[in-house]
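Breakdown of the fold
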Amino acid sequence: MRFTRILTAVLLVAALLTALPSWAIRVICLQCSTIAELTDETCKKCKYELNKCLKCGTLNPVSADFCEGEDCAEPLAEMRLLGRIDEETRKELRLGQSERAQLDRELQSIDYLLEKDPSKAGKLLFRRARIYQQMDFPAKEAVAWQEYLQKFPDTKKKSIITVFLSEALRKWGYLFYSQGDKETALAKYVAATAANPANAEAWLWVGRMKSEAKDNKAAADAYLKALEAEPGNKTAIHFLRKFKRQIPAALLTPVKKVAVPAARKAATASGTPPAPAPAPQTTVSPDVPSVSPDAPAIPVPAAQPPASGTN
Ligand SMILES: [Zn+2]
Ligand SMILES: [Zn+2]
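The structure contained in this document is the topic of the report that follows.

Reading the values: rules and limits
- Residues numbered from 1 in each chain as written.
- Chains lettered and ligands numbered in written order.
- Predicted model: local features only at pLDDT ≥ 70, side-chain atom pairs only at ≥ 80, totals over all residues.
- Axes fitted to C-alpha atoms, helices over the stretch in contact; angles between N-to-C directions.
- Helix = DSSP H or I, 4+ residues; strand = E, 2+ residues; numbered from the N terminus.
- Parallel < 35°, antiparallel > 145°, perpendicular 65-115°, else oblique.
- Left-handed = near helix turned anticlockwise from the far one by under 90°.
- Contact = placed C-beta atoms within 7 Å.
- Nonpolar A, V, L, I, M, F, W, Y, C, P; charged D, E, K, R; others polar.
- Buried ≥ 20, exposed ≤ 12 C-beta atoms within 10 Å, placed from the backbone.
- Core = buried A, V, L, I, M, F, W, Y, C linked by C-beta atoms within 7 Å.

Once that is clear, we can look at the packing of helix H10 (residues 200-212) against helix H11 (residues 216-229). It is the contact of H10 with H11, at a shortest axis distance of 8 Å, that shows an interaxial angle of 165 degrees. It follows that H10 is roughly antiparallel to H11 by the angle criterion. Here H10 and H11 pass one another in a crossing that is left-handed. Where H10 abuts H11, its residues Ala200, Trp203, Leu204, Val206, Gly207, Lys210 and Ser211 lie against Asn216, Ala218, Ala219, Ala222, Tyr223, Lys225, Ala226 and Ala229. Its residues assigned to classes, the contact of H10 with H11 shows 10 nonpolar, 3 polar and 2 charged.

Along the polypeptide, leucine 169 turns up in helix H8 (residues 158-178). Look at leucine 169 and you get buried, because 28 C-beta atoms sit within 10 Å. Sequence-wise, leucine 169 and proline 138 are 31 residues apart; in three dimensions their C-alpha atoms are separated by 6.7 Å. Apart from the residues within four sequence positions on either side, leucine 169 is in contact with Ala142, Lys188, Ala191, Ala192 and Ala195.

What follows covers the environment of arginine 170. Here arginine 170 is to be found in helix H8. Note on arginine 170: 28 C-beta atoms within 10 Å, which makes it buried. Separated by 35 residues in sequence, arginine 170 and tryptophan 205 have C-alpha atoms that sit 8.4 Å apart.

Okay, the nonpolar core next. Grouped together as the largest cluster of nonpolar side chains are 40 residues, with contacts concentrated most on Trp145, Leu165, Tyr189, Trp203, Val206, Tyr223 and Ala226. Elements supplying a minimum of two residues to this core: helix H6 (121-135), helix H7 (138-151), H8, helix H9 (182-195), H10, H11 and helix H12 (234-242). Not counting the four nearest positions on each side in its chain, tyrosine 189 is found in contact with Arg170, Gly173, Ala202, Trp205, Val206 and Met209.

This is the structure we're talking about:
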């Protein structure tokens, strides 16, 4: 019984998605097949709610592609389909409720709102970059932050954005590294350190890449930068010793909390784990035990994490 209901729902969605152009779906009442005007909110004949927003409950005119409810702007195309499925089944299947689906819809809303009200671009572009961060799309996230900084070079959020940008570039670099494109990976890691020189993890990766390229001097320079960003970092100390580089005594032990760089403090305040955070699933920490700098081994990239990322 239940299975049949679910199957019907799935088939209905599939049929609607493939068979009918979207204008046809919305102009004909899905309940009684009466033709509706573009300005109608409910069916003249059967009172079916033709374009109801499932998020905020607003009854939109048939012509609306995005919810016109205050501060909503939810894309409606998918809802017109979901609205056909009874609420219980919808909940049972969690249709349209996954975090990924919600973030996807929010990205569509942002595109729409950017066009509708460019004066809100600051808030919208910031949110867009945060969504990519949440979805764990470092490439899109990095580009989004770069665009933001280009548009709003004097933003008050600059310190936190450069921290985010730097992390996104580091993760993006790892994607190239895991595909064997070391040149591009290095460029991303270098860009990550340029965006936020306090990103110790990014410096460690620069050190590792230089080390793999047998450029020991540049590697040691990078490990020293990592240690300056994070005094006491064991990986940096290990390789500096290996490369016989003198280590300033003050950098051998972790500093007390008071001395945490401002940028990293900002990251902590807004919910980003402070470095050195446990490595997210998409990254492999360049820690001592994982791969020695001379080993050509390329770590097996971790599987893409599910949409319900930990960020
Ligand atoms: Zn009707
Ligand atoms: Zn709405």
